[in-house]
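Each chain is listed here by its residues.
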Amino acid sequence: MFPPLHPDLRFHNYASYLRRRVGGAAVRISVDGGFTCPNRDGSRGTGGCLYCNNDSFTGAILYPGLPVEEQVRRTILAPGRHRNARHFLVYFQRYSNSYAPPGELERLYRAAFCHPGVAGIVVGTRPDCLGPEVLDVLEGIGRTAYVSIEIGLQSKSDAVLAGINRGHTVDEFVAAVAAVRARGIDTGVHLIYGLPGDTRANFVETAGFLSGLDIQGVKLHHFHVVAGSPLANEWERGRVRVPEYGEYVSACADFLERLSPEVAVLRLIGSAPPGMLIAPLWEKGGREMARDVAAELERRGTWQGALR
Ligand code: SF4
């Protein structure tokens, strides 16, 4: 094992990636840019992805609804939270964060740089919200600051994407990655293990597929059922299953063994606020998951990229 792999974790962890990219340890702070989603408002589809309730994955946003500048300042200065941090990345997390006219995007993204510690922005979005004018804005910001775009793929199967009402195809995702990389912008990919109709084999194969696309990071998430999502009803009727913890740890190890060591692992587990999470109820956090995946890789005598 050699760098960039972490000697204990056996994978390329995000903290060390960011240290190289922004010149020091960086803390992400999440904000609400007031965006919506084309898969909800009718421009691309209606009803949204069947697993989605945005309230479930935006628990980290401390001051939703306030102007972005105010959210950034208040979050950085919140008592006891970021005393020793010097670099911050502002994460536009809620809904599709490049789904607005370019002038509005420019204003919102630039507002994030209202504190001298802000080193860059991270924009979570969909493949169909990255047209040339949007990328012009992000490329411009990237000339003087760190910019990363995180694109939701979720599954490398068009049938699964259609089944969960995702509203885009795998080919659209590939085109979006190419467009973002042509602008020299870092690209992260979000992927979910265990979506209804998906298979472990498809998930594991996705590691090789993504390794060939010049991406910089991948965020893994297990399928979970949250209150208020359409799949919550299916769960109540016993029509969907969620992964067991051991199964997910093992699938992540399979995935990492086939992932290029150059790709940083942004995250290995999803979370939802108490009261919203219906299943599975593992009560595991990111550190515990990273430790357990590392232990599984050590048990196998492998590491990220060992089986490429
Ligand atoms: S998961 Fe993302 S893309 Fe899907 S409906 Fe929710 S906000 Fe839109």
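Residues numbered from 1 in each chain as written. Predicted model: local features only at pLDDT ≥ 70, side-chain atom pairs only at ≥ 80, totals over all residues.

Caption draft 1: Quick look at the overall build of the chain. What the chain contains, in helices and strands, is ten helices and nine strands. Whereas a compact globule of 308 residues would reach a radius of gyration of roughly 19 Å, the chain reaches 19 Å, a difference of no more than 12%. The C-alpha extent of the chain, read off along each of the three principal axes, is 45 × 45 × 40 Å. Within the chain, buried positions represent 45% of all 308 residues. (Helix = DSSP H or I, 4+ residues; strand = E, 2+ residues; numbered from the N terminus. Rg over C-alpha atoms; globule rule 2.2 N^0.38 Å. Buried ≥ 20, exposed ≤ 12 C-beta atoms within 10 Å, placed from the backbone.)

Caption draft 2: Representation of helix 4 (residues 132-142) in the model. Considered for burial, the residues of helix 4 that qualify are V134, L135, V137, L138 and I141. The arc that holds every buried residue of helix 4, seen down its axis, measures 155°, which confines them to one face. Every exposed residue of helix 4 that faces more than 90 degrees away from the buried side is listed here: P132 and E133. Those residues of helix 4 hidden inside the fold are in contact with helix 3 (102-111), strand 3 (118-125), strand 4 (146-154) and helix 6 (170-182). (Arc of directions from axis to C-beta. Contact = placed C-beta atoms within 7 Å.)

Caption draft 3: Representation of the packing of helix 7 (residues 200-211) against helix 9 (residues 245-257). Interaxial distance between helix 7 and helix 9 falls to 7 Å at its minimum, and their mutual angle equals 35°. Where helix 7 crosses over helix 9, the handedness of that crossing is right-handed. Listed contacts from helix 9 to R200, F203, V204 and A207 of helix 7 are A251, D254 and F255. (Axes fitted to C-alpha atoms, helices over the stretch in contact; angles between N-to-C directions. Left-handed = near helix turned anticlockwise from the far one by under 90°.)

Caption draft 4: Examining the pairing of strand 6 (residues 217-222) more closely. With six of its six residues buried, strand 6 lies for the most part within the structure. Burial along strand 6 is two-sided: the face carrying G217, K219 and H221 and the face carrying V218, L220 and H222 are both buried. As defined by bridge partners, strand 5 (residues 186-193) adjoins strand 6 across six bridges and the pair is classed as parallel. Within strand 6, the residue paired with L191 across the bridge is L220. (Pairing = 2+ DSSP bridges.)

Caption draft 5: Spatial organisation of unusual backbone geometry. Note the cis peptide between P3 and P4, where omega equals 10°. Within the fold, P4 resides in the segment before helix 1 (14-22). Omega for the peptide link from A279 to P280 comes to -5°, which places this bond in the cis form. Residue position: P280 is located in the loop between strand 9 (277-279) and helix 10 (286-300). In this structure, Y95 is a non-glycine residue whose phi angle is positive, near 60°. One can find Y95 in the loop between strand 2 (87-92) and helix 3. Taking the C-beta count within 10 Å as the criterion, Y95 has 24 such neighbours and is therefore assigned buried.

Caption draft 6: Broad picture of the packing of helix 3 against helix 4. Interaxial distance between helix 3 and helix 4 falls to 9 Å at its minimum, and their mutual angle equals 25°. It follows that helix 3 is roughly parallel to helix 4 by the angle criterion. Pair helix 3 / helix 4 crosses with right-handed handedness. On helix 4, the residues touching P102, L105, E106 and Y109 of helix 3 are E133, V134, D136, V137 and I141. In terms of residue class, the contact of helix 3 with helix 4 is built from six nonpolar, no polar and three charged. (Parallel < 35°, antiparallel > 145°, perpendicular 65-115°, else oblique. Nonpolar A, V, L, I, M, F, W, Y, C, P; charged D, E, K, R; others polar.)

Caption draft 7: Local environment of the environment of G194. Note that G194 resides in the loop between strand 5 and helix 7. Accessibility expressed as a C-beta count within 10 Å gives 22 for G194, which makes it buried. The contact partners of G194, leaving out residues within four places of it in the chain, are H222, F223, V242 and P243.

Caption draft 8: Here's a closer look at the site of the ligand. Every residue near the ligand is listed here: C37, N39, R40, G48, C49, C52, N54, Y95, S96, R126 and G152. Each residue belonging to the shell around the ligand can be placed in one class, and the counts come to four nonpolar, five polar and two charged. (Near = placed C-beta within 6 Å.)

Caption draft 9: Structural context of the nonpolar core. The biggest cluster of nonpolar side chains holds 88 residues, and the ones touching the most others in it are V90, I121 and C252. Non-local contacts of V90, meaning those with residues more than four positions away in its chain, are made with I29, V31, V72, A112, V118 and I121. (Core = buried A, V, L, I, M, F, W, Y, C linked by C-beta atoms within 7 Å.)

Caption draft 10: Quick look at the sheet that holds strand 3. Ordered by their spatial adjacency, seven strands build an open sheet running 1-2-3-4-5-6-8, and the pairing between neighbours is parallel. Among the strands making up the open sheet, the edge pair consists of strand 1 (26-31) and strand 8 (264-267). Adjacent strand axes in the sheet meet at a mean angle of 25° when their direction is disregarded.

So yeah, pure geometry; function would need other evidence.
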